[in-house]
Amino acid sequence: MPQQHLDRLTSIDASFLHQEGPASHMHIGGVLLFEGPAPAFADYLDHVRGRLHLVPRYRQKLATPPLETGRPLWVDDPSFNLEYHVRHTALPTPGSEEQLFLLVSRIASQPLDRSKPLWESWLVEGLHDGRFALIFKTHHSLVDGVSGVDLATVLFDMAREPEPPSPDLEPWRPHPEPSPAELVLAGARGMVTTTAALATRALMAATRPGTTLGLLRDAAEGIGEIVWAGLNPAPETPLNVEIGPHRRYAVVRQQLADYKEVKTALGGTVNDVVLTVVSGALANWLHTRGIRTAGMEMRALVPVSVRTESHRGSLGNQLTVMRGPLPLYIQDPVARLRYVRQAMNGLKESKQAVGAATLAAVNNLAPPTLLAQASRLNFSTRLFNLLVTNIPGPQLPLYVLGRKLEDVFPLAFLPKDHALAIAIMSYNGGLDYGLLGDYDALPDIDVIADGIAASLEELLQAARGKQPRSKGAPLAEAVPRTKPAPQARDTPGSAPRSSNGVPRPILPKARSRPSRGPAADMRAKRERGSRPARKRPD
């Protein structure tokens, strides 16, 4: 669908605006590393200028109807200035990757200006090995991760020689700023269009009662599963604390072939292996903080794209979410993968995604005040502990102005009271992690990054039939590293102790949980399997 002046935001797009606050920035992006040398900044500006007509939304800004009578709209920005959005900088000597990712942290800590089109691009020179980087930052209301991959065709070429700009390209002529009355009218048109679409679907449903009843049953079951997930909250962890506006950023380079080797040998999908690796890394991280993981199962918010070929090239979000398990209590990596695989298969067969899509459709008719409340519930700490998103990228080399793209590190976002988000992207045989953390809550974010590499190595050893590490060995010891990983203060699975030998209280204190229901039954079964049965008194 073409991107037009006075397009109305969908409820999902608007929800990311409502979620944004002083400490919760709702932009996403990536860090792209290229072989050198860097192009001249003027050449890069001309390259972007020559492709920008393919994405009109990048020249549009937000406009809100008077008195918030409807959702915001996209309108042309008559004062659009490309030099404001595309920026040029260089790293100081020695130009290490550590300095680059520190710059990324600072850029991620700054919100986008809502009075202008919601994106930025940085050309970064000065890396010690002659390479250069591009940093992209785009508001989530403008684009989702999968749509962002589609938009790579705008700036990237599949050959070293770039496509020449179209000779008949006309200068961009923005529409004039809409008046308040025009904004109200455009919002009303959007509401009428949405209502008409729902009415058309209702009429079509009436002609197929058998199919319709099945769809309604699936939707009802899906909504019920979402409600049940809310009644069985995610555990309290050090990741779910009040966060500030400042960020830390760490990366992990890995190979997609290793993940495929694990899934082929041990079963599951690449995404199952990713969740298993993240589970092992988080368990190791908690051990280094002296926190036991016995019986702990974190919950990850896993975005699932529902973008189809009909949506290809369009901006905006085509997403739903599932809440995937992260079984930190399972020490054996093969057993952990088996559990994740079975749980994710159950989620795919469940109606959770259908329920989420149904709620999103209902939200399309909701006024802005109700939509704001609904969006806050979607990102509640009751539902998940952290965001884990795996974005499939192109498996062929891409180029910008003849320079080959070597690495793509994705950049996610932190909702309120969530101190960690992990984004993963595959590209040209690689699989790169980008870890975004709150600056104050995660000074040890590198421990999680080290744990990801060690956790994958455990699975690779199991897939290749090698002897796994001893059951009580700290995870960080699984891979020799040039920089020693912090040692666990307590043996995993044992009670942490203070200097005088007295057991320390474990923080954070767990909230009370329901004593009935599937989650309670699962916890009871898990506890029975993890400790010897007690002899009942006579």
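Parameters and conventions
Residues numbered from 1 in each chain as written. Predicted model: local features only at pLDDT ≥ 70, side-chain atom pairs only at ≥ 80, totals over all residues. Heavy atoms only, no water. Helix = DSSP H or I, 4+ residues; strand = E, 2+ residues; numbered from the N terminus. Buried < 20%, exposed > 50% of the residue type's maximum accessible area, 1.4 Å probe, protein only. Contact = heavy atoms within 4.5 Å. Areas by Shrake-Rupley, 256 points an atom, 1.4 Å probe, with all protein chains shown as cover. Phe/Tyr/Trp six-rings, centres within 6.5 Å; stacked < 30°, edge-to-face > 60°. Pairing = 2+ DSSP bridges. Axes fitted to C-alpha atoms, helices over the stretch in contact; angles between N-to-C directions. Parallel < 35°, antiparallel > 145°, perpendicular 65-115°, else oblique. Left-handed = near helix turned anticlockwise from the far one by under 90°. Nonpolar A, V, L, I, M, F, W, Y, C, P; charged D, E, K, R; others polar. Expected span 1.5 Å × (residues − 1).

### A closer look at the overall build of the chain
Here's step 1: A tally of helices and strands in the chain yields 15 helices and 15 strands.
Here's step 2: Every one of the 538 residues in the chain was classed for burial, and the buried ones make up 50%.
Here's step 3: Within the chain, contacts between residues at least 6 apart in sequence are counted, and of these 79% link residues at least 24 apart.
Here's step 4: Total accessible area computed for the chain in this model is approximately 25,600 Å², and 57% of it derives from carbon and sulfur atoms.

### Re the packing of aromatic side chains
Here's step 1: Scanning the entire structure with this criterion turns up eight aromatic pairs.
Here's step 2: Geometrically, the ring pair formed by Tyr58 and Trp119 is tilted, given 5.1 Å between the ring centres and 35° between the ring planes. Placement of Tyr58 in the loop between helix H2 (41-51) and strand E3 (60-63) and of Trp119 in strand E6 (residues 119-125) is noted, with a sequence separation of 61 residues between them.
Here's step 3: Ring geometry for Tyr329 against Tyr339: centres 6.2 Å apart, planes inclined by 80°, an arrangement best described as edge-to-face. Placement of the pair is Tyr329 in the loop between strand E10 (319-327) and helix H11 (333-349) and Tyr339 in helix H11, with a sequence separation of 10 residues. You'll find Tyr329 and Tyr339 in the same group, each marked buried.

### Details of the sheet that holds strand E13 (residues 403-411)
Here's step 1: With respect to topology, six strands assemble into an open sheet ordered E5-E6-E7-E2-E13-E12, the strand pairing being mixed. The open sheet is flanked by strand E5 (86-90) and strand E12 (399-400), the only strands paired with a single partner.
Here's step 2: Where E12 lies against E13, two bridges are found, and the strand directions are antiparallel. What sits directly across from Val400, in E13, is Arg403.
Here's step 3: Strand contacts of H2: E5, E6, strand E7 (132-139) and E12, with the helix running at about 155° to E5, the strand carrying the most contacts.

### Re the packing of helix H10 (residues 270-288) against helix H14 (residues 445-463)
Here's step 1: Contact geometry of H10 with H14 gives a least axis separation of 8 Å together with a crossing angle of 125°. As judged from the angle between their axes, H10 and H14 are oblique. Taken as a pair, H10 and H14 cross one another with a handedness that is right-handed. Counting all contacts with H10, which are made through Val273, Thr276, Val277, Gly280, Ala281, Leu282, Asn284, Trp285 and Thr288, the residues of H14 involved are Val447, Ile448, Gly451, Ile452, Ser455, Leu456 and Leu459.
Here's step 2: Residues of the contact of H10 with H14, tallied by class, amount to 10 nonpolar, six polar and no charged.

### Examining H14
Because an α-helix completes one turn every 3.6 residues, residues spaced three or four positions apart along the sequence face the same direction.
Here's step 1: In a regular helix each residue adds 1.5 Å, so 19 residues correspond to 27 Å; H14 covers 28 Å between its end C-alpha atoms and thus fits that length.
Here's step 2: Counted residue by residue, H14 has 14 buried out of 19 residues, so it is predominantly covered.
Here's step 3: Phi turns positive, to about 80°, at Gly465, one or two residues after H14.

### A closer look at the pairing of strand E4 (residues 73-76)
Here's step 1: Burial along E4 is two-sided: Leu73 and Val75 and Trp74 and Asp76, pointing in opposite directions, are all buried.
Here's step 2: Both strand E1 (residues 7-8) and E4 contribute to a ladder of two bridges, which runs antiparallel. Residue pairing across strands places Arg8 opposite Leu73, the latter belonging to E4.
Here's step 3: Here four bridges tie E3 to E4, and the two strands are oriented antiparallel to one another. By the bridge assignment for E4, Ala63 is matched with Leu73.

### Comments concerning the packing of helix H9 (residues 256-266) against H10
Here's step 1: Running from N to C, H9 and H10 point in directions that differ by 100°, and their axes come no closer than 9 Å. By the angle between their directions, the pair H9 and H10 is classed as roughly perpendicular. Two secondary-structure elements touch here, H9 through Leu256, Tyr259, Lys260, Val262 and Lys263 and H10 through Val270, Val273, Val274 and Val277.
Here's step 2: Here the residues of the contact of H9 with H10 are counted per class, giving seven nonpolar, no polar and two charged.

### Some remarks on the sheet that holds E3
Here's step 1: What the three strands build is an open sheet, ordered E1-E4-E3; its pairing is antiparallel. Only two strands of the sheet have a single partner each, and these edge strands are E1 and E3.

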